[in-house]
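# Fold and geometry: a report
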Amino acid sequence: MCLIKPPVKKNTIPIDLKLHNDIRAVERARFAHQVAEKRRLIKQYKMERERQQKLEEQEEIKRLRKELIPKAQLMPYFDRPFVPRRSEKQPTMPREPKFCIPRHKTIRCCRMSCNDMSGPSQLQHLPSSVEKTEALYKNRGLQ
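Bear in mind that the values here come from a model prediction, so they are computed numbers and not experimental data. (Residues numbered from 1 in each chain as written. Predicted model: local features only at pLDDT ≥ 70, side-chain atom pairs only at ≥ 80, totals over all residues. Heavy atoms only, no water.)

### Focus: the pattern of salt bridges
Two side chains carrying opposite charge are able to pair once their charged atoms lie near each other. Tallying each qualifying case throughout the model produces 5 salt bridges. Across the salt bridge formed by Glu 60 and Arg 63, the nearest N and O atoms sit 2.5 Å from each other. One end of the pair is Glu 60 and the other is Arg 63, both in helix H1 (residues 20-67) and 3 residues apart, which spans about a single turn. For Glu 60, a relative accessible area of 34% gives the class partly exposed. Taking the relative accessible area as the measure of exposure, Arg 63 reaches 37% and is therefore partly exposed. Counted as one network, the salt bridges with shared partners bring together Glu 60, Arg 63 and Glu 67. (Salt bridge = Lys/Arg side-chain N within 4 Å of Asp/Glu carboxyl O. Helix = DSSP H or I, 4+ residues; strand = E, 2+ residues; numbered from the N terminus. Buried < 20%, exposed > 50% of the residue type's maximum accessible area, 1.4 Å probe, protein only.)

Now the structure itself:
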């Protein structure tokens, strides 16, 4: 009897292990590179914007300096005398100060009872602000 030899096995070849940590490290390095690139671009953009703004401010200063040079005023015409004309608008009536005192305040200020105020001589008619201003205009001859 013959002994049968078992078939010879091939040597096992190890396969490369791909650990999750290694994959994650590569992805993280790629991400960190993208973030650094983005930050560099933002910084460059800010520097460019500041440079543009500084140039605009310098141009504005130059323009203002040219415009704001003091210039001589034109001489008035003396051959035509100035004659002021009276305004055709109505004078404005002032809102303040209020010259009339409301009736409820006069009672409180006078400190009189209702019995004392029986006659019309106790309460005097206070002129309104319109009446006072009209009287002032009449006194000055403006109306």
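### A few points about the confidence of the model for the chain
Residues shown with low pLDDT carry predicted positions that ought not to be read at fine detail. The predicted model of the chain has a mean per-residue pLDDT of 80, with 76% of residues at 70 or higher. The model gives residues 113-123 a pLDDT under 50, and that stretch makes 6 contacts with residues more than four places away or in other chains. (pLDDT = per-residue confidence, 0-100. Contact = heavy atoms within 4.5 Å.)

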